[in-house]
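# Examination of the molecular architecture
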Amino acid sequence: MNEQLRAIAGLDRVIHEPGRMMIVALLAAVEECDFLYLLRETELNKGNLSSHLAKLEEAGYVEIEKTYRGKLPQTLLRLTPPGRAAFDAYRQRLNAALVEHLQVLSGTSKST
Amino acid sequence: MNDCLESLPHVPEVGDLAKLQAQMLRPAQNVNMDGSFELGWGIALLCFGLVPYLNAVLPKSVWASPWTAWIGYLPMVCLTCAAFAAYGIPRMIKRFITWPRTGYVANPNDIKLIQLVMLMVFGSALGFSLTLPFILVAEIREAISRAGAHSDLHSIILHGIELVVCATLAVYLGRKTIRKRQPLPTAYDAALINQGLGRTAAGRKCLRGVRFTLVLLFVGIPILVCGGVFGLMYLNKSAMRHTEIQWPQLGILSFLVATNAILYLMGNGVAIKQHPWKWLVLAILVAGPIVVVPAIPYPDVGPEMTPILGPFPPVMLSMGLVWCLSGAVTLISFIWHNPLPPIETP
């Protein structure tokens with residue numbers, strides 16, 4: 001297996017799924033948000049979003065807090081420190097894969 | 001930039017990174033989607049602009065008592081109102097109008113109330129720390145020239161104590177309030193993408209476009225706006241009630257208007273695509289003061305300062321009004337296009 005494939009194979013599968021990647025990317029850019037915000041921003045349906053959040057919570061990447069705003073229920077979501085670390089590692093892996101691609105690309109362009 | 005990234009051939013991961021990047025930028029880009037920042041800043045400008053008019057209208061006993069005069073009571077009250085308007089109005093709009101529609105979100109760089117108070121105290125303490133030494137030096141010189149005056153000694157001691165207190169506060173609060181802003185996490189290493197883009201003809205063209213846009217944004221626009229305002233004010237000098245040109249007045253006014261224009265452009269970075277009429281507002285924001293300055297009477301800010309500071313209150317009022325109107329229209333449009341979601345019982 002070459003370096004390029006190894007970098008891609010090492011990606012965190014919990015985050016790499018497109019729906020979860022969207023959720024984690026959004027949560028990484030904010031301090032905290034609620035379920036409605038994620039629902040609007042990701043454009044996933046409630047069932048999908050709930051199941052993705054459950055998987056992320058199970059992996060310990062997301063903290064879910066059920067609370068009330070006045071009389072209305074509110075579900076607050078935030079990335080845990082291990083979640084943030086996992087996302088940083090994921091981004092670094094993606095960048096590493098990109099470096100490999102660029103090196104291959106420059107090698108082929110030089111040879112032609 | 002994202003289109004550029006996706007156009008990079010043979011690198012599928014770039015597409016993922018570009019999507020990731022776009023997703024992560026959304027919360028910061030949507031901060032002013034409801035016009036809350038415009039309303040807050042507009043009301044703050046109105047507060048600043050109203051101070052000299054209130055000074056002229058209200059009875060002197062309100063702010064000119066010996067207890068309150070030394071801190072510039074009325075300007076301080078208006079300054080405090082302005083700071084709290086710029087902070088509180090966007091928070092109120094978000095809490096009662098935006099978040100019930102779009103969902104609650106807390107950005108990492110949002111300033112908290114206690115931080116705002118500390119920042120204001122720090123600003124005031126720093127201002128006094130910088131100005132009090134000049135007053136002290138002048139008083140000491142006068143005391144030396146008129147040896148034996150007890151009232152001078154009391155005043156020097158009082159100002160000395162004030163200087164020590166303000167300097168201590170400024171140093172203490174400065175270390176607490178001036179903090180490095182938390183950088184927004186980015187999905188990719190920009191240098192890496194540039195390196196990749198530079199390898200293809202389309203990528204190089206794209207890079208040139210990005211560089212040109214950056215130069216235009218950070219150098220060109222400020223120069224153009226400032227130059228335009230300055231030029232228009234120069235042409236309109238006869239209407240400014242002074243036969244000779246007041247260069248400091250023109251310069252400071254141009255700077256103020258240009259700064260507001262750039263702030264408006266930056267604050268509406270993404271919203272301006274959805275609301276093209278904001279370009280017209282930008283033009284009114286820049287050209288408005290030139291029309292308003294001669295039309296509205298200047299308040300009396302003292303015989304020495306009126307020639308230079310006189311036109312500031314009307315300019316601030318006109319710009320504050322434009323900011324407020326733009327914010328109100330954006331807010332109404334936001335409410336119109338984002339109805340409240342149905343409430344579900346748990």
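Look up: the structure comes first, before these words.
Notes on the structure follow. (Residues numbered from 1 in each chain as written. Chains lettered and ligands numbered in written order. Predicted model: local features only at pLDDT ≥ 70, side-chain atom pairs only at ≥ 80, totals over all residues.)

### Overview of the overall build of chain B
Which entries qualify depends on this criterion: Think of it this way: any DSSP run of H or I at least four residues long counts as a helix, any run of E at least two long counts as a strand, and we number them from the N terminus. Residues with at least 20 neighbouring C-beta atoms inside 10 Å of their own are called buried, those with 12 or fewer are called exposed, and the rest are partly exposed, where every C-beta is derived from the backbone. For the purpose of contact definition, each residue receives a C-beta atom placed from its backbone, and two residues are in contact when these atoms lie within 7 Å.
What chain B contains, in helices and strands, is 14 helices and 1 strand. Expressed as a percentage of the 346 residues in chain B, the buried residues total 29%. Sequence-distant contacts, at least 24 apart, represent 76% of the contacts inside chain B between residues at least 6 apart.

### Topic: the packing of helix α3 (residues 18-29) of chain A against helix α5 (residues 46-58) of chain A
Residue and element names in this part refer to chain A. What counts here: Each axis is a line fitted through C-alpha atoms, and for a helix only the stretch in contact is used; angles between axes span 0 to 180 degrees, taken between their N-to-C directions. Working rule for angles: under 35 degrees goes down as roughly parallel, over 145 as roughly antiparallel, 65 to 115 as roughly perpendicular, anything else as oblique. Residue polarity follows a fixed list, in which Ala, Val, Leu, Ile, Met, Phe, Trp, Tyr, Cys and Pro are nonpolar, Asp, Glu, Lys and Arg are charged, and the others, Gly among them, are polar.
Where α3 meets α5, the closest approach of the two axes is 10 Å, and the angle between their N-to-C directions is 75°. Judged by the inter-axis angle, α3 sits roughly perpendicular to α5. Listed contacts from α5 to Gly19, Arg20, Ile23 and Val24 of α3 are Asn48, His52, Leu53, Lys55 and Leu56. Per-class residue counts for the contact of α3 with α5 are 4 nonpolar, 3 polar and 2 charged.

### Section: α5 of chain A
Residues lying three or four places apart along an α-helix face the same way, a consequence of the helix completing one turn every 3.6 residues. All names here are of chain A. The line we're drawing: An expected span of 1.5 Å times one less than the residue number is assigned to each helix. Comment: arc refers to directions from the helix axis out to C-beta atoms.
Here α5 contains 13 residues, and its C-alpha end-to-end distance of 18 Å stays within 8% of the 18 Å for a straight helix at 1.5 Å per residue. By the burial criterion, the buried members of α5 are His52, Leu53 and Leu56. Down the axis, α5 shows its buried residues gathered within 100° of arc, on one side only. Facing away from the buried side of α5, by more than 90 degrees, are the exposed residues Gly47, Ala54 and Glu58. For α5, the elements touching its buried residues are α2 (13-16), α3, β2 (62-69) and β3 (72-79). Just downstream of α5, Gly60 is the residue with a positive phi angle, here 85°.

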